[in-house]
Amino acid sequence: MLDFFTIFSKGGLVLWCFQGVRGPAATAPVNALIRSVLLQERGGNNSFTHEALTLKYKLDNQFELVFVVGFQKILTLTYVDKLIDDVHKEFRDKYRNEFQQKGALGLLNGTFDFKDDFMRLLRDAEESSKVRAPTVMKTFEQSLKSQKTVKCMIETRGEKPKEKVKNKKSKGSKKDGTEAVAAPSKASAGDKQLSAAGDKEELTKDEILQKNREEFFRRHMKAGEKSRSPKPDAQKEKGKKPRVWDLGNSNAKVLDYSNSATNGSAEACPVEEFDPDMALGDKNREPGRLYDLEYESDDEAEEEKVVQNPSKPSVKKGGLGGMFGMLKGLVGSKSLTREDMDPVLEKMKDHLIAKNVAAEIAVQLCESVAKKLEGKVMGTFTTVTSTVKQALQEALVQILQPQRRVDVLRDVMDAQRHHRPYVVTFCGVNGVGKSTNLAKISFWLIENGFSVLIAACDTFRAGAVEQLRTHTRRLNALHPPESHGGRTMVQLYEKGYGKDAAGIAMEAISYARNQGFDVVLVDTAGRMQDNAPLMTALAKLIAVNAPDLVLFVGEALVGNEAVDQLVKFNKALADHSMAQTPRLIDGIVLTKFDTIDDKVGAAISMTYITSKPIVFVGTGQTYCDLRSLNAKAVVAALMKA
């Protein structure tokens, strides 16, 4: 039983609609399909689930039409695919002339009386699914046994015992080999085997075992005597001494930073001497501004080189041959088919995988582009390659601009009006740079006039608290209280190691609310996505403290692993949350972007799998090396040959 069937144009005009059951209209699920699939270039799969409904759709790229059918997802309707194909073909054939002659005006002023045709097609599809030919038993001629000869099916007696005998012989040969190894000299190996065979008849099993043991110990004693050096080894001193490096300090007290400072005060920490210019990097930057990610494309330079150094035309080839070679691949006002696009899409898929896009995502992207272009009429002087490449670029730009845009500064100011701190939680796998990029974001927030409290909730990794303490000292040195009216702009809240991370985060948020901090940045321990206990602890921290923003920190070096990490992090947060609508990842921080050159595929994989935006991009090791994502720059780097 169908809930609805609707036909509308890509411009948003509903041409015809069928309502199968009484209840809510098809507006909400169709709008969800448009927002989540059609506008986000995720057409690789022709089905979409919205609440209790399953929607299947088909695109007509020639006339810019969309056919959508909806039914309950608990039902298994086998005729839906056939029905949507039949309706598509019937509707096109019936109103083809009207579309071609009137165009957009035909859609506005036209009347589409399609109910009788649709009911006929629906009955035919339902009957075809019910009437199934009964399964007929295969005849003997159709079976595999009929292809065998009588000779190969005859089993003679003694075949299996022969195999067992062979196995016994092979086992016996192994035993003989081990006994032959026990011989003392290689020169008389044959004589020893004969004597061993003769002794077996006279000696018992226990005597043979004892003899073999004696030979074994005798050989190893001789080998040990040969390997011994004539000089006696010096006796090693007991106990383990710490390693002392050439440029290090032998005094361990100098390196001991375990004495925790009082929470919320930086005066107890010793002032660290460091170069501010090295920590800031760019001197000519505008304070507090988050610059866009830049990428210099070499296309224009290559075009200039081609114009300046044109290739010499071959004289041997005829004029007609050169002209036909130039026009080869041009599509002259014809509709694109799947066969035309398959070679180009295969090259595009390999190119995306080479640029670090996950293989599964690359396949889905190419499938979405193929469905978007199939049946579309191309211009006269347009190649298939350029058309597919342009469509893929548009799809990639659309993917990198997800539905929800995260504006941290706006959200922080909104939290200020409600007299509460804005809480950001950082999570991710080990070694991706959570603490380092937390310090960069702290510096950016301080330059915009917001006070920051850093909650050290990584109570597992050795040195995690000391790392944040060092960043706090440096940030306070760059922005001393004297420059901000006596107000300390960044402070660290820590309780040492081995404590409950969720409890520390809760205390830090309460402390920030009482002391009037604007932002709380919660640093968590790195964890692999397969570690169930640690993922449960992370879900508990997020569920208990309800942060305003949950950022997943991932490095730009990963390929297929990015999909696995994000899927399992989201799944763990959903499974271990007690709320009806669990908190999932809200945004992504992409780190180590300066180490990958043009292999920027991880940005596509992470955004595609989560539909969440990349909020920050880490591009270096100084506090100023933080950028916002520029979708066109990433796509230009991705499409670079």
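Predicted model only: the values in this text are computed from it and were never measured.

**Re unusual backbone geometry**
So, point 1. In this structure, His419 takes a positive phi of about 55° despite not being glycine.
So, point 2. Tracing the backbone shows His419 in the loop between helix H15 (408–417) and strand S8 (422–427).
So, point 3. Unusually for a residue other than glycine, Ser611 sits at a positive phi of about 60°.
So, point 4. If you trace the backbone, Ser611 turns up in the loop between helix H21 (601–610) and strand S14 (614–618).

**A look at the side chain of Asp3**
So, point 1. Relative to the elements of secondary structure, Asp3 occurs in strand S1 (residues 2–9).
So, point 2. Despite being buried, Asp3 has no salt bridge partner; Lys73 is the closest side chain of opposite charge, sitting 12 Å away.
So, point 3. Among residues more than four places away in sequence, those in contact with Asp3 are Phe18, Gln19, Gly20, Val21, Leu53, Gly70, Phe71 and Gln72.

**Regarding empty space enclosed by the protein**
So, point 1. Evaluated as defined, the whole model comprises two cavities of 30 Å³ or more.
So, point 2. Each pocket or cavity is described by its volume, and for the second largest cavity that value is around 30 Å³.
So, point 3. Around the second largest cavity, the lining residues are Val408, Val424, Phe426, Ile441, Leu445, Val519, Leu521, Leu549, Leu551 and Phe616.
So, point 4. Secondary-structure elements contributing two or more residues to the lining of the second largest cavity are S8, helix H16 (434–447), strand S11 (519–523) and strand S12 (549–555).

**As for the nonpolar core**
So, point 1. Counting 115 residues, the largest nonpolar core has Val388, Val408, Leu445, Phe593 and Phe616 as the members making the most contacts within it.
So, point 2. When residues of this core are assigned to domains, at least three map to each of domain 2 (336–400) and domain 3 (408–634).
So, point 3. Judged by nonpolar contacts, the second largest core, of 26 residues, contains Tyr79, Val80, Phe112 and Ala125.

**Thoughts on the packing of helix H12 (residues 338–354) against helix H13 (residues 359–373)**
So, point 1. Between H12 and H13, the least distance of the axes is 9 Å, while the angle of their chain directions is 150°. With respect to each other, H12 and H13 are oriented roughly antiparallel. Between H12 and H13 lies a crossing of right-handed hand. Contact residues: Arg338, Met341, Leu345, Met348, Lys349, Leu352 and Ile353 in H12; Ala359, Ala362, Val363, Leu365, Cys366, Glu367, Val369, Ala370 and Leu373 in H13.
So, point 2. Per-class residue counts for the contact of H12 with H13 are 13 nonpolar, no polar and three charged.

**Topic: the UniProt feature "domain: SRP54-type proteins GTP-binding" (unreviewed entry) in the protein**
So, point 1. In the numbering adopted here, UniProt assigns the feature "domain: SRP54-type proteins GTP-binding" (unreviewed entry) to residues 613–626.
So, point 2. Within residues 613–626, the helical portion is 0% and the strand portion 43%, while the C-alpha atoms at the span's ends are 16 Å from each other.

**Brief notes about a nonpolar patch on the surface**
So, point 1. A grouping of Met1, Ile74 and Leu75 is seen on the molecular surface, where their side chains present a nonpolar patch of about 340 Å² in accessible area.
So, point 2. Looking at the element boundaries, Ile74 is found in the loop between strand S5 (65–72) and helix H2 (80–102).

**Let's talk about the pairing of S14**
So, point 1. By the criterion of burial, S14 is predominantly enclosed, with five of the five residues buried.
So, point 2. Viewed along the sheet, the connection from strand S13 (residues 587–591) through H21 into S14 turns out right-handed.
So, point 3. In the sheet, S14 pairs with strand S15 (residues 626–627) via two bridges, with the strands oriented antiparallel. Within S15, the position partnered with Val617 by the bridge is Arg627.

**Notes on the side chain of Thr591**
So, point 1. Locating Thr591 in the fold gives a position in strand S13.
So, point 2. On the basis of relative accessibility, which here comes to 1%, the residue Thr591 falls in the buried class.
So, point 3. Apart from the residues lying within four places of it in its own chain, the contact partners of Thr591 are Val432, Gly433, Asn437, Val553, Gly554, Glu555, Ala556 and Gly618.

**Considering the sheet that holds S1**
So, point 1. Within the open sheet, the five strands sit side by side as S2-S1-S5-S4-S3. Their pairing is antiparallel. Of all strands in the sheet, those with a lone pairing partner are strand S2 (14–19) and strand S3 (47–50), marking the two edges. In this sheet, adjacent strand axes meet at a mean angle of 15° when their direction is disregarded.

**Considerations on the packing of aromatic side chains**
So, point 1. For the structure shown, the criterion picks out 14 aromatic pairs.
So, point 2. Ring centres 4.9 Å apart and planes at 50° place the aromatic pair Phe18 and Phe118 in the tilted group. Of this pair, Phe18 sits in strand S2 while Phe118 sits in helix H4 (residues 115–130), placing them 100 residues apart in sequence. No difference in accessibility class separates Phe18 from Phe118, as the two residues are buried.
So, point 3. Aromatic pair Trp444 and Phe616: ring centres 5.4 Å apart, planes at 70°, arrangement edge-to-face. Here Phe616 lies in strand S14 and Trp444 lies in helix H16, a separation of 172 residues in the sequence. In this structure, Trp444 and Phe616 share a single accessibility class: buried.
So, point 4. Joined through ring pairs, the aromatic side chains of Phe5, Trp16, Phe18, Phe67, Phe91, Tyr95, Phe112, Phe114 and Phe118 make up one cluster.

**Comments concerning H13**
So, point 1. Compared with the 21 Å implied by 1.5 Å per residue over 15 residues, the 21 Å span of H13 between its first and last C-alpha is a close match.
So, point 2. If you check which residues of H13 are buried, you get Ile361, Ala362, Leu365, Cys366, Ser368, Val369, Ala370 and Leu373.
So, point 3. Taken together, the buried residues of H13 touch H12, helix H14 (384–399), helix H20 (560–575) and H21.
So, point 4. Gly375 occupies a position one or two residues after H13 and carries a positive phi of about 90°.

**Let's talk about the sheet that holds S13**
So, point 1. Here we have eight strands laid out as an open sheet, ordered S10-S9-S11-S8-S12-S13-S14-S15, and mixed in their pairing. Both outer strands of the open sheet, strand S10 (490–493) and S15, are each paired with one neighbouring strand and no more.
So, point 2. Here H21 sits on the sheet and contacts S12, S13 and S14; the angle it forms with S13, its principal contact strand, is near 165°.

Analysis parameters
Residues numbered from 1 in each chain as written. Predicted model: local features only at pLDDT ≥ 70, side-chain atom pairs only at ≥ 80, totals over all residues. Heavy atoms only, no water. Helix = DSSP H or I, 4+ residues; strand = E, 2+ residues; numbered from the N terminus. Buried < 20%, exposed > 50% of the residue type's maximum accessible area, 1.4 Å probe, protein only. Lys, Arg positive; Asp, Glu negative; His and termini not counted. Salt bridge = Lys/Arg side-chain N within 4 Å of Asp/Glu carboxyl O. Contact = heavy atoms within 4.5 Å. 1 Å grid on protein atoms, 1.4 Å probe; cavity = no way out; pocket = protein on both sides within 12 Å on 5 of 7 lines; lining within 4 Å. Points joined across faces, edges and corners; volume = space filled by probe spheres on them. Core = buried A, V, L, I, M, F, W, Y, C linked by side-chain atoms within 4.5 Å. Domains from an automatic or database assignment. Axes fitted to C-alpha atoms, helices over the stretch in contact; angles between N-to-C directions. Parallel < 35°, antiparallel > 145°, perpendicular 65-115°, else oblique. Left-handed = near helix turned anticlockwise from the far one by under 90°. Nonpolar A, V, L, I, M, F, W, Y, C, P; charged D, E, K, R; others polar. UniProt positions renumbered as here; feature names shortened; annotations may be inferred. Patch = residues over 30% accessible without salt bridge, like charges linked within 9 Å, V, L, I, M, F, W, Y side chains within 5 Å. Areas by Shrake-Rupley, 256 points an atom, 1.4 Å probe, with all protein chains shown as cover. Right-handed = clockwise from strand over helix to strand, strands pointing away. Pairing = 2+ DSSP bridges. Phe/Tyr/Trp six-rings, centres within 6.5 Å; stacked < 30°, edge-to-face > 60°. Expected span 1.5 Å × (residues − 1).

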